[in-house]
Amino acid sequence: MNFLWLEDFLALAATGNFSRAAEERHMTQPAFSRRIRALEEWLGVVLVDRTSHPATLTEAGEWFRSSAQELLARVARMPDEARAVADASSATLRIASTHALSLTFMPAWLRGLESGASAGPMQLVSDVMQQCEALMLQGRTQFLLCHGHAQVPGRLEAGGFPSCVVGADALIPVCAPGKRNTPVHALRGTDSARVPMLAYSTESGLGRIMRAVLGARLEQLATNVVLTAHLATVLKTMALEARGIAWLPVSLIQTELAEETLLPVGDGKWNVELEIRLFRTPGQLPRAAEMFWGAAMQSARRV
């Protein structure tokens, strides 16, 4: 169906005359008649009673006249509506963040960025690192907030995505307290009494860092992985239940450390210092996104 047929039909409905309508549509009457016939064939109904003078609309034609008017009016509004959607989209910041940081670091960090002026509307996606990287590589988000480590480059570094360090964190081994408020587990294991480990899955960015930095040392321990999960929040819950030792970001367990419902295990040699990084897509971004990046760069200089 050609939208021009709708305009042809409405011209005929208004004039009741094929010749006059063809003249208004700047074509010959035979060509005009063929287009009206093509519209009727597409609909499968007769729209015009050609036996009357002037030509009148059938009952189906009367119904179709209002439908055609509504459809053309809707089409006419589409450019303005499309521009409005594009304007709203360009003003909306699209940010991906790993789960732990979206719960802990991000709210206060955003308040600091917005101390001068509001960043405007935001669309936040919280997911595991692997999925967040995929969203950035597909161009579906403009920014990614995540943990990082200088020794463990990810897919975005390899892809040339600019980034800046906006905060610091650390992975530390913790477990629930036992008797005398001492850790219920220790980083010492034997074949008969292995260290119970709460481990990250391969989709986890924290797990990627932990395996790269501590993997060789962990292999020397007699460990037993009792639970594997994507999310640090899940491992935290299991650690609180005394299920094992979990390496958790300090930003996620500040309350638990203060209340001593989770205790550090071992000495500081098992800690992994982390960066909190903001990545952006390469190239020019909409004005709102570029202003957000500028504010983030200013905060990075204060870290």
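Before going into details, it helps to say that this report is about the structure given with it.

Calculation criteria
- Residues numbered from 1 in each chain as written.
- Predicted model: local features only at pLDDT ≥ 70, side-chain atom pairs only at ≥ 80, totals over all residues.
- Heavy atoms only, no water.
- Buried < 20%, exposed > 50% of the residue type's maximum accessible area, 1.4 Å probe, protein only.
- Helix = DSSP H or I, 4+ residues; strand = E, 2+ residues; numbered from the N terminus.
- Pairing = 2+ DSSP bridges.
- Salt bridge = Lys/Arg side-chain N within 4 Å of Asp/Glu carboxyl O.

### Details of the pairing of strand β6 (residues 163-175)
Next, step 1: Within β6, 10 of the 13 residues are buried, leaving the element largely enclosed by the surrounding structure.
Next, step 2: Both β6 and strand β11 (residues 272-280) contribute to a ladder of eight bridges, which runs antiparallel. Bridge assignment links A168 to a residue of β11, and that residue is E275.
Next, step 3: Where β6 meets strand β9 (residues 245-249), four bridges bridge the pair, whose relative direction is antiparallel. From the neighbouring strand, L171 faces β9, where its bridge partner is P249.
Next, step 4: As judged from the two bridges shared by β6 and strand β10 (residues 263-264), these two strands associate in the antiparallel manner. Within β10, the residue paired with C175 across the bridge is L263.

### Concerning the pattern of salt bridges
Next, step 1: Taken as a whole, this structure holds 11 salt bridges when the rule is applied.
Next, step 2: K236 is paired through a salt bridge with E256; the nearest N and O atoms lie 3.0 Å apart. Remark: E256 occurs in helix α11 (residues 254-259) and K236 occurs in helix α10 (residues 232-240); sequence separation between them is 20 residues.
Next, step 3: We classify E256 as buried; its relative accessible area is 13%.
Next, step 4: A salt bridge links E290 to R280; the nearest nitrogen and oxygen atoms lie 3.1 Å apart. Of this pair, E290 sits in helix α12 (residues 287-302) while R280 sits in strand β11, placing them 10 residues apart in sequence.

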